[in-house]
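Architecture at a glance
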Amino acid sequence: MLRVARMASTMTFVVVAVLSWAQCILMEMTLPHGATATISLDVGQTSLSKAQILGDLQGLGEKHGITIIKSVSRPAGIDLVSVGARQPDAPQPVLFMNPALSGTLTNAASLGDASLQGTLSVSALPNASIDDLRSWGKESGIRVSVLQTTQSQRILSVAQRSGGWLALVGVGALTAGVALGWFASRAHSREVRLLAGIRTSRLHVEDSGAIIVSLIVPLLALSAALNLVVLAWRGEANWKVFSEIQVTYVACMIAFAVGVATVLSIATLPRVRDLATRKPPLARFDIVAELVKALSLGLVLAMLPGLLQSSVSAFRDAEARARWTSLADGVAMRVTADSPEDFDVLQAGLVELTRYGASRDAVAIAYDLREQVESLTPFDGLVIANRRYLQAMQIDATKDLKAVAAESLDPALRWDVSESLALWLTEEALTPSGGSAPRWGLYTTATDGGFPSLGGPQAPYIVRSAPLILVVDSATDLAPTVLSSAYASQQLFFTDADILRDGIAATGVGAKVLSIDRVADLAITEAAMANLTAALSALSLLLVLGAVVISVRLSADIYVLNAIRRIVPVRLAGHRWADILSARFVGETILLGAILVLTLIGRELIAPGSSRSMGHLAATLLGAGCYVAYWWLASVRSCKAALHNALQRRV
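As the structure is a computational prediction, the values presented were derived from the model and not from experiment.

Looking only at helices and strands, the chain has 20 helices and 17 strands in total. The C-alpha atoms of the chain give 32 Å as radius of gyration, which overshoots the globular expectation for 651 residues (26 Å, by more than 25%). Counting only C-alpha atoms, the chain reaches 105 × 65 × 35 Å along its principal axes. Contacts in the chain between residues far apart in sequence, at least 24 positions, make up 80% of those at least 6 positions apart. Side-chain charges in the chain split into 54 positive and 52 negative, and the spacing between the mean points of these groups amounts to 21 Å.

Printed below as a string of structure tokens:
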């Protein structure tokens with residue numbers, strides 16, 4: 001049992017180290033370069049150009065001495081662009097906690113086509129700087145949100161967002177198993193010391209000190225060694241963040257372990273009456289072991305459906321976000337017009353720009369019109385897309401989509417679509433001359449992956465499960481009003497930034513262009529975070545399963561050692577293990593049934609309807625079946641080991 005306790009202790013250390021590492025990676029993705037606060041900018045309604053916004057941010061940063069960092073994601077890493085004070089003169093390499101990431105720290109001039117929409121990280125924010133930022137945002141038409149947090153709040157936030165708190169619950173269950181195994185291994189020693197006249201208070205002190213020396217001190221030594229490795233490998237800045245997270249988790253784990261150890265020491269203290277009746281040393285551990293096992297099992301059955309769903313959801317989210325990485329080179333424009341006349345001139349220029357880009361096969365559009373059509377039954381959205389967009393997103397119209405006949409639509413929707421086609425399409429596209437084939441068609445999804453579309457700055461990435469999709473051959477088939485709206489909402493983009501810049505120069509719309517921004521930067525970042533969150537969910541699942549494995553093993557060992565005097569003669573008389581363990585199996589079945597009922601009732605109270613979900617029920621029953629199988633194997637193994645030792649006169 002001591003070996004099991006040490007194995008669980010080592011597993012706990014490994015888990016805490018991995019959890020600290022993963023959360024450090026998540027934290028550096030949200031608060032890189034030692035940042036302690038964030039600023040969220042919504043530049044969708046401002047008339048300021050990107051250069052003007054950068055100049056204002058640099059002025060505010062230098063005024064208050066604050067470093068402002070914009071993280072620019074790319075498929076192979078993250079570049080940090082300093083747009084406030086202390087901008088580097090030349091690119092500086094950045095060492096990330098994630099060894100797979102690379103990047104540089106550059107100045108604002110290197111921002112390029114990265115968008116300022118979204119979150120910027122800040123080193124520190126005095127109150128005066130917050131007031132100035134909000135005043136600047138109000139004057140310039142930019143919505144500014146400021147969030148400042150303490151280190152403990154950042155750790156809790158990352159743990160909650162990533163699902164790391166579930167892993168911590170698993171660590172707690174493992175820690176309880178470690179303490180139980182430790183005291184069970186010392187049960188006979190405690191009896192001997194009590195018979196020798198040692199006071200019970202001294203027993204508590206000695207055993208608590210022994211568990212600290214034997215299990216916790218090695219854990220602290222391993223933690224210190226790991227910190228030295230991180231310091232030497234990933235640098236001082238990453239080590240500080242990692243050490244703060246790990247120290248927090250290790251301190252919580254040690255405090256919990258000491259608390260559990262104190263309770264177990266008192267609950268399993270040898271009594272003179274038990275010694276007089278010659279009860280086995282482990283007799284006092286029966287109830288405690290069953291309680292720890294029941295708590296671990298209830299934890300698993302309660303968390304298993306949610307963890308499985310969370311893991312699957314996170315992996316699907318990562319897969320969905322990864323679809324946008326195919327648009328890594330795509331760029332959209334932010335444009336402005338000062339008057340209706342100015343808008344008419346701009347609209348004409350945008351039409352010419354679209355023709356310029358379409359002639360070079362570089363214009364893609366995914367325009368979401370969900371709010372512009374009242375009735376969409378049975379569809380969940382309406383999207384206008386061109387074939388270049390399907391190609392860019394690697395969507396095969398013959399496999400991933402299926403045609404929808406206009407006559408098959410709901411009457412209200414059919415009327416809306418037929419009336420709106422004249423507004424959405426050019427006359428040539430609507431009624432081709434010379435008997436040409438139609439340049440548009442209605443489709444919907446034919447697979448479970450849904451249809452990804454652009455939603456503008458507020459919701460840049462939308463995946464509709466079954467939308468009605470109006471697919472046109474080219475963006476030039478769309479009416480000028482649709483094109484100008486798509487440009488304004490950044491739902492029309494160019495697949496090549498150089499072609500866009502050449503087109504701007506050729507059509508003369510440059511004076512109205514506020515910025516050129518990549519469309520997939522945020523999706524790349526979110527895909528990486530979703531992958532990490534999925535991995536943490538899987539880790540949490542393994543942890544709670546590990547807690548059950550340890551607790552079942554300890555429970556089986558304790559039961560068998562207490563019942564060995566009955567098991568040996570019965571087994572030697574030729575009885576099967578099924579006969580020997582039948583009474584215990586019945587009790588285990590009753591315990592499992594009670595935990596299942598309580599779990600389903602609790603889940604129904606917390607989330608009504610979830611306990612009736614076939615997926616949740618299947619996961620719960622599968623977990624219960626696996627538990628019964630493992631319980632049987634562990635019990636038989638413990639019986640065989642105890643019988644072997646007894647025959648060798650080791651008991």
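Okay, the side chain of Ser82 next. Tracing the chain through its elements places Ser82 in strand S3 (residues 77–82). Here Ser82 is in contact with Thr67, Ile68, Ile69, Gln87, Pro88, Leu105, Thr106, Asn107 and Ala108, once residues within four sequence places are set aside.

Glancing now at the pattern of salt bridges. For the structure shown, the criterion picks out 19 salt bridges. Residues Glu588 and Lys293 are paired through a salt bridge, measuring 2.7 Å at the closest nitrogen-oxygen approach. In this pair, Glu588 sits in helix H19 (residues 582–606) while Lys293 sits in helix H9 (residues 285–322), placing the two residues 295 residues apart along the sequence. Each member of the pair, Glu588 as well as Lys293, carries the same accessibility label: buried. Between Glu352 and Arg355 there is a salt bridge, with the nearest N and O atoms lying 2.9 Å from each other. Taken together, the residues Glu352 and Arg355, both in helix H10 (residues 340–358) and three residues apart, mark about one turn of the helix. Under the relative-accessibility criterion, Glu352 is labelled partly exposed at 40%.

A contiguous nonpolar surface patch, about 300 Å² in accessible area, is contributed by Ile212, Val213, Val217 and Val258. Tracing the chain through its elements places Val258 in helix H7 (residues 200–267). Overall, Val258 belongs to the partly exposed group, its relative accessible area being 35%.

Our focus in this paragraph is the environment of Thr248. As for its position among the elements, Thr248 is in helix H7. Between the C-alpha atom of Thr248 and that of Ser152, which follows or precedes it by 96 residues, the distance is 8.5 Å.

All right, on to the sheet that holds strand S5 (residues 103–107) then. Spatial ordering of the open sheet is given by S4-S5-S3-S2-S6-S1-S7, a layout of seven strands whose pairing is mixed. Single-partner strands in this sheet number two, and they are strand S4 (92–94) and strand S7 (143–148). Taken pair by pair, the neighbouring strands of this sheet meet at an average axis angle of 30°, ignoring direction. Direction of pairing for strand S1 (residues 37–42) relative to strand S6 (residues 118–122): antiparallel, over a ladder of five bridges.

Evaluated as defined, the whole model comprises two cavities of 30 Å³ or more. Put simply, the largest cavity is a space of about 140 Å³. In this structure, the largest cavity is lined by 13 residues; those nearest its centre are Ser9, Val178, Ile216, Met253 and Ala257. Counting only elements with at least two residues in the lining of the largest cavity, the list comes to helix H1 (2–30), helix H5 (164–185) and H7. Among the elements that make up the lining of the largest cavity, the one with the highest residue count is H7 (seven residues). Taken as a whole, the second largest cavity encloses approximately 50 Å³ of empty space. Every residue along the wall of the second largest cavity is listed here: Ser208, Ile211, Ile212, Ile216, Ala257, Val258, Ala261 and Thr262. For the lining of the second largest cavity, a count of residues per class yields six nonpolar, two polar and no charged.

The backbone of Arg86 sits at a positive phi, close to 55°, despite the residue not being glycine. Tracing the sequence through the fold places Arg86 in the loop between S3 and S4. Phi is positive for Gln394, which is not a glycine, with a value near 55°. Examined against the element boundaries, Gln394 turns out to sit in the loop between helix H11 (387–392) and strand S11 (401–403).

So, on to the packing of aromatic side chains. In the structure shown here, the tally under the stated rule is seven aromatic pairs. Summarising the aromatic geometry, the rings of Phe585 and Trp631 are spaced 5.8 Å apart at their centres and angled 50° between planes, so their arrangement reads as tilted. Taken together, the residues Phe585 in helix H19 and Trp631 in helix H20 (residues 614–647) connect sequence positions 46 residues apart. Given the relative accessible area of 34%, Phe585 is considered partly exposed. Centroid distance Trp631 to Trp632: 6.4 Å. Interplanar angle 45°. Geometry classified as tilted. Aromatic ring contacts, followed pair by pair, group Trp21, Trp233 and Phe242 into a single cluster. In this structure, Arg360 packs its charged tip against the face of Tyr356, placed 3.7 Å from the ring centre.

What follows is about the environment of Leu591. For Leu591, the position within the fold is in helix H19. Sequence separation between Leu591 and Leu297 is 294 residues, and the spatial gap between their C-alpha atoms is 9.9 Å. Residue contacts for Leu591: discarding those within four places in its chain leaves Glu290, Lys293 and Ala294.

Following both chains from N to C, one finds H10 and helix H15 (residues 497–507) inclined at 135°, their axes separated by 9 Å at the closest point. As the angle between them shows, H10 and H15 are arranged oblique. Here H10 runs over H15; the crossing is right-handed. Where H10 approaches H15, its residues Gly349, Glu352, Leu353, Tyr356 and Gly357 are matched on the opposing element by Ile499, Leu500, Asp502, Gly503, Ile504, Ala506 and Thr507.

Take the nonpolar core next. With 60 residues, the main nonpolar core has Leu80, Met97, Leu180, Phe183, Tyr249, Leu264 and Phe285 as its most contacted residues. Listed by contribution, the elements that provide at least two residues to this core are H1, S3, helix H4 (151–162), H5, H7, H9 and helix H16 (521–562). The dominant element in this core, judged by the number of residues it contributes, is H7, at 14 residues. The contacts of Leu80, once residues within four sequence positions are left out, are Pro32, His33, Ile69, Lys70, Ser71, Val94, Phe96, Thr104, Leu105 and Thr106. One finds Leu350, Val351, Leu382 and Val417 within the second-largest nonpolar core, a separate group that totals 44 residues.

Before going further, it helps to spend a moment on the confidence of the model for the chain. Summary statistics for the chain give a mean pLDDT of 82 and a share of 90% for residues scoring 70 or more. Here helix H8 (residues 272–276) stands out as the least confident element of the chain, with mean pLDDT 67; strand S16 (residues 492–494) is the most confident, with 95.

Together, Asp329, Asp496, Asp498 and Asp502 line one region of the surface with negative charge. Structurally, the position occupied by Asp329 is in the loop between H9 and strand S8 (331–335).

Glancing now at the side chain of Arg388. Position of Arg388 among the secondary structure elements: in helix H11. Apart from the residues lying within four places of it in its own chain, the contact partners of Arg388 are Asp361, Val363, Ala364 and Thr495.

Calculation criteria
- Residues numbered from 1 in each chain as written.
- Predicted model: local features only at pLDDT ≥ 70, side-chain atom pairs only at ≥ 80, totals over all residues.
- Heavy atoms only, no water.
- Helix = DSSP H or I, 4+ residues; strand = E, 2+ residues; numbered from the N terminus.
- Rg over C-alpha atoms; globule rule 2.2 N^0.38 Å.
- Contact = heavy atoms within 4.5 Å.
- Lys, Arg positive; Asp, Glu negative; His and termini not counted.
- Charge placed at Lys NZ, Arg CZ, Asp CG, Glu CD.
- Salt bridge = Lys/Arg side-chain N within 4 Å of Asp/Glu carboxyl O.
- Buried < 20%, exposed > 50% of the residue type's maximum accessible area, 1.4 Å probe, protein only.
- Patch = residues over 30% accessible without salt bridge, like charges linked within 9 Å, V, L, I, M, F, W, Y side chains within 5 Å.
- Areas by Shrake-Rupley, 256 points an atom, 1.4 Å probe, with all protein chains shown as cover.
- Pairing = 2+ DSSP bridges.
- Axes fitted to C-alpha atoms, helices over the stretch in contact; angles between N-to-C directions.
- 1 Å grid on protein atoms, 1.4 Å probe; cavity = no way out; pocket = protein on both sides within 12 Å on 5 of 7 lines; lining within 4 Å.
- Points joined across faces, edges and corners; volume = space filled by probe spheres on them.
- Nonpolar A, V, L, I, M, F, W, Y, C, P; charged D, E, K, R; others polar.
- Phe/Tyr/Trp six-rings, centres within 6.5 Å; stacked < 30°, edge-to-face > 60°.
- Lys NZ or Arg CZ within 6 Å of the ring centre and 35° of its normal.
- Parallel < 35°, antiparallel > 145°, perpendicular 65-115°, else oblique.
- Left-handed = near helix turned anticlockwise from the far one by under 90°.
- Core = buried A, V, L, I, M, F, W, Y, C linked by side-chain atoms within 4.5 Å.
- pLDDT = per-residue confidence, 0-100.

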